[in-house]
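# Per-entry structural report
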Amino acid sequence: MQVVYSPAHLAHAPTTEVELGVSMAQYELPARAEEIRRVLAAEPERFPVVEPTGHGVAPIEAVHDAGLRAFLATAWERVQAEQALAEVIPDTFIHPALREGMGPPPVPTGAAASAGYWCFETMTPLVSGTYEAARGAVDVALTAADLVLGGSRAAYGLCRPPGHHAPRAAYGGYCYFNNAAIVAHHLAAATGAKVTVLDVDYHHGNGTQQIFYERDDVQYVSLHGDPNRAYPYFAGYRGEIGAGRGRGTNLNLPLAPGTDDDAYLVALVQALEQVEAFGPATIVVSLGVDTFHLDPIADFALTTPAFARCGALVATLGRPCVVLQEGGYYLPAIGENVRNWLTGFEDRVSPAAG
Ligand code: SP5
Ligand code: ZN
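Quick caveat, the model's predicted, so the values are computed rather than measured.

## Some thoughts on the overall build of the protein
- For the protein, the count of helices and strands is 10 helices and 10 strands.
- For the protein, with 354 residues in total, the buried portion stands at 55%.
- Partitioning the intrachain contacts of the protein with sequence separation of at least 6 by distance along the chain shows that 78% fall at a separation of at least 24.
- Accessible area of the protein: about 13,700 Å², with a carbon and sulfur share of 56%.
- Taken as two groups, the 21 positive and 38 negative side-chain charges of the protein have centres that lie 6 Å from each other.

Written as structure tokens, this is what we have:
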């Protein structure tokens, strides 16, 4: 399976995040992607690493508000013109209740106002290289999609920063552009056929769900920590099934703390039955390995061998897959867990290939 990787992510190296008002060390670090690349690159025959090609901004703006992209492209200069900050985290957010009954405000241009307008939480700083890295992650994802459109059974995009928390018109959750949603839309547009996004990150992919909530050509299926206790808190509930034409094309399987290999695999089988029922031509996997038992910000209990079983189960769908990296924050096992997932998938596709 080809691995698409770009060093562009290294330019995004925030050091802090604010959790419940406490400034903490950042979890979403460059070392995550470097560690995954190191482990995969050790098996160059199985995992040849290729560079992405540039895809421009059109695929981003097909999914995201053009104002979000323009903000991210220019935010750093605008902030620095007002104040020399190493990392920008907004302090005032556009909570819907603030303007209830008043309609939307003008799109702000000031640095603090803009950040609180386009960002939805305090764990996703802007730094000098954020835009360059986020653009790189989109190119990585789209290049993996191109490999699958070109006939590969699967391809892996080593995206960093991740994407699944970014809705159409905001960033947050360590995510700036929604790599998986951009790819799913790109695939649907290129093929005219149905696409499923299967999200196995520990966290619910609120951004991806929001982007496709009213569409009937893209299904969103997610297994995640119940949002009543887990980030992103305000999406991922079982009753969220899609709306309008998209009614019935959104499936959330919120899971309990301590969910172990067996319980997780049971839920994954249920999810895959619904994917099969929808009948997509292509699958985009939002692959987070923060379901691992030692992950520092999550509470599931998956073991390293379970990731291979998960990959093998997804392979049984028999559809082409674009696998994109999302979360996973336990560095000593992140590479091995991703490698196991991809190897489990490949071994099921071609058991003889070893
Ligand atoms: C892509 C992705 O996995 N984004 C995750 C964003 C979650 N942000 C942190 C949530 C707060 C976790 N608090 C747990 C405290 C453990 N010390
Ligand atoms: Zn996650």
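From this point, the discussion proceeds with the structure in view.
## Structural notes on the pairing of strand E8 (residues 250-255)
- Within E8, 5 of the 6 residues are buried, which leaves it mostly tucked inside the rest of the structure.
- Here 6 bridges tie strand E7 (residues 218-225) to E8, and the two strands are oriented parallel to one another. Paired with valine 221 across the bridge in E8 is leucine 251.

## A few points about the coordination of the zinc ion (ligand 2)
- Surrounding the zinc ion (ligand 2) are the protein donor atoms Asp201 (OD), Asp201 (OD), His203 (ND1) and Asp290 (OD), which sit 1.9 to 2.7 Å from the metal.
- One chain supplies every donor for the zinc ion (ligand 2), spaced along it as D-x1-H-x86-D. Residue histidine 203 is located in the loop between strand E6 (195-199) and helix H7 (206-212), and its partner aspartate 290 is located in the loop between strand E9 (282-287) and helix H9 (304-315); the two are separated by 87 residues in the primary sequence.
- Take histidine 203: its relative accessible area is 6%, and that puts it in the buried class.
- We classify aspartate 290 as buried; its relative accessible area is 0%.

## With respect to the packing of helix H3 (residues 66-82) against helix H4 (residues 111-118)
- Two numbers describe how H3 lies on H4: the axes approach to 9 Å, and their chain directions differ by 150°. Taken together, H3 and H4 sit at an angle that is classed as roughly antiparallel. When you trace H3 past H4, the crossing you get is left-handed. Taken together, the residues of H4 that come into contact with H3 (itself represented by Gly67, Leu68, Phe71, Arg78, Val79 and Glu82) are Ala111, Ser114, Ala115 and Trp118.
- Taken together, the residues that form the contact of H3 with H4 break down as 6 nonpolar, 2 polar and 2 charged.

## Notes on the nonpolar core
- Residues Tyr156, Leu198, Val285, Leu287, Trp341 and Leu342 are the most contacted members of the largest nonpolar core, which totals 47 residues.
- No other element matches the 7 residues that helix H8 (residues 261-278) contributes to this core.
- With residues up to four places along the chain from it excluded, the contact list for leucine 198 reads Val221, Leu268, Ala271, Leu272, Ile283, Val284, Val285, Ser286 and Val314.

## Here we look at the packing of aromatic side chains
- On inspection of all chains with the given rule, the structure shows 12 aromatic pairs.
- Ring geometry for tyrosine 202 and phenylalanine 300: centres 4.7 Å apart, planes at 75°, overall edge-to-face. With tyrosine 202 in the loop between E6 and H7 and phenylalanine 300 in the loop between E9 and H9, this pair connects stretches of sequence that are 98 residues apart.
- The exposure class assigned to tyrosine 202 is buried, which follows from its relative accessible area of 3%.
- According to the relative accessible area criterion, phenylalanine 300 is buried, its value standing at 2%.
- Taking the centre distance of 5.7 Å and the plane angle of 40° together, the rings of phenylalanine 292 and tyrosine 330 count as tilted. In this pair, phenylalanine 292 sits in the loop between E9 and H9 while tyrosine 330 sits in the loop between strand E10 (321-325) and helix H10 (331-349), placing the two residues 38 residues apart along the sequence.
- When its relative accessible area of 5% is taken as the criterion, phenylalanine 292 is described as buried.
- Judged by its relative accessible area of 28%, tyrosine 330 is partly exposed.
- An aromatic cluster is present here, built from Phe71, Tyr171 and Tyr176 joined pairwise through their rings.
- The ring of tyrosine 5 is capped by arginine 37, whose NZ or CZ atom sits 4.7 Å from the centre of that ring.

Rules used throughout
The written sequence of each chain sets the order in which its residues are numbered from 1. Here every chain gets a letter starting at A, and every ligand a number starting at 1, in the order they are written. With the structure being a predicted model, the display of local features is reserved for residues of pLDDT at least 70 and the display and counting of side-chain atom pairs for 80 or more, all residues being used for whole-chain, interface and lining totals. As a rule here, side-chain values cover all heavy atoms of the structure and leave hydrogens and water aside. Only DSSP runs of H or I with at least four residues qualify as helices, and only runs of E with at least two residues qualify as strands; both kinds are numbered from the N terminus onward. Each residue gets one of three labels from its accessible area relative to the maximum for its type: buried under 20%, exposed over 50%, partly exposed in between, using a 1.4 Å probe on protein chains only. The contact criterion used is simple: two residues touch if any of their non-hydrogen atoms lie within 4.5 Å. Accessible surface area values rest on a Shrake-Rupley calculation with a 1.4 Å probe, where residue burial reflects the displayed protein chains alone. Charged-residue counts in this description rest on Lys and Arg as positive and Asp and Glu as negative, His and the chain ends being excluded. To locate a charge, take NZ of a lysine, CZ of an arginine, CG of an aspartate or CD of a glutamate. When DSSP finds two or more bridges between two strands, those strands count as paired. Coordination shells were defined by N, O and S atoms within 2.8 Å of each metal, extended to 3.2 Å for Na, K and Ca; water is absent from the atom set, which can make sites look incomplete. Every axis in this analysis is a line fitted to C-alpha atoms, fitted for helices over the stretch in contact. Angles between the N-to-C directions lie between 0 and 180 degrees. The labels follow the angle: roughly parallel below 35 degrees, roughly antiparallel above 145, roughly perpendicular from 65 to 115, and oblique for the rest. Left-handed describes a crossing whose near helix is turned anticlockwise from the far helix by less than a right angle; the clockwise case is right-handed. Basically, the charged four are Asp, Glu, Lys and Arg, the nonpolar ten are Ala, Val, Leu, Ile, Met, Phe, Trp, Tyr, Cys and Pro, and anything else, Gly included, counts as polar. The term nonpolar core refers to a set of buried residues drawn from Ala, Val, Leu, Ile, Met, Phe, Trp, Tyr and Cys, joined through side-chain atoms within 4.5 Å. Between rings of Phe, Tyr and Trp, where Trp is taken as its six-membered ring, a pair exists when centres lie within 6.5 Å; planes separated by under 30 degrees are stacked, by over 60 edge-to-face, and by other angles tilted. In this scheme, the term charge over a ring applies when either NZ of a lysine or CZ of an arginine sits within 6 Å of the ring centre and within 35 degrees of the ring normal.

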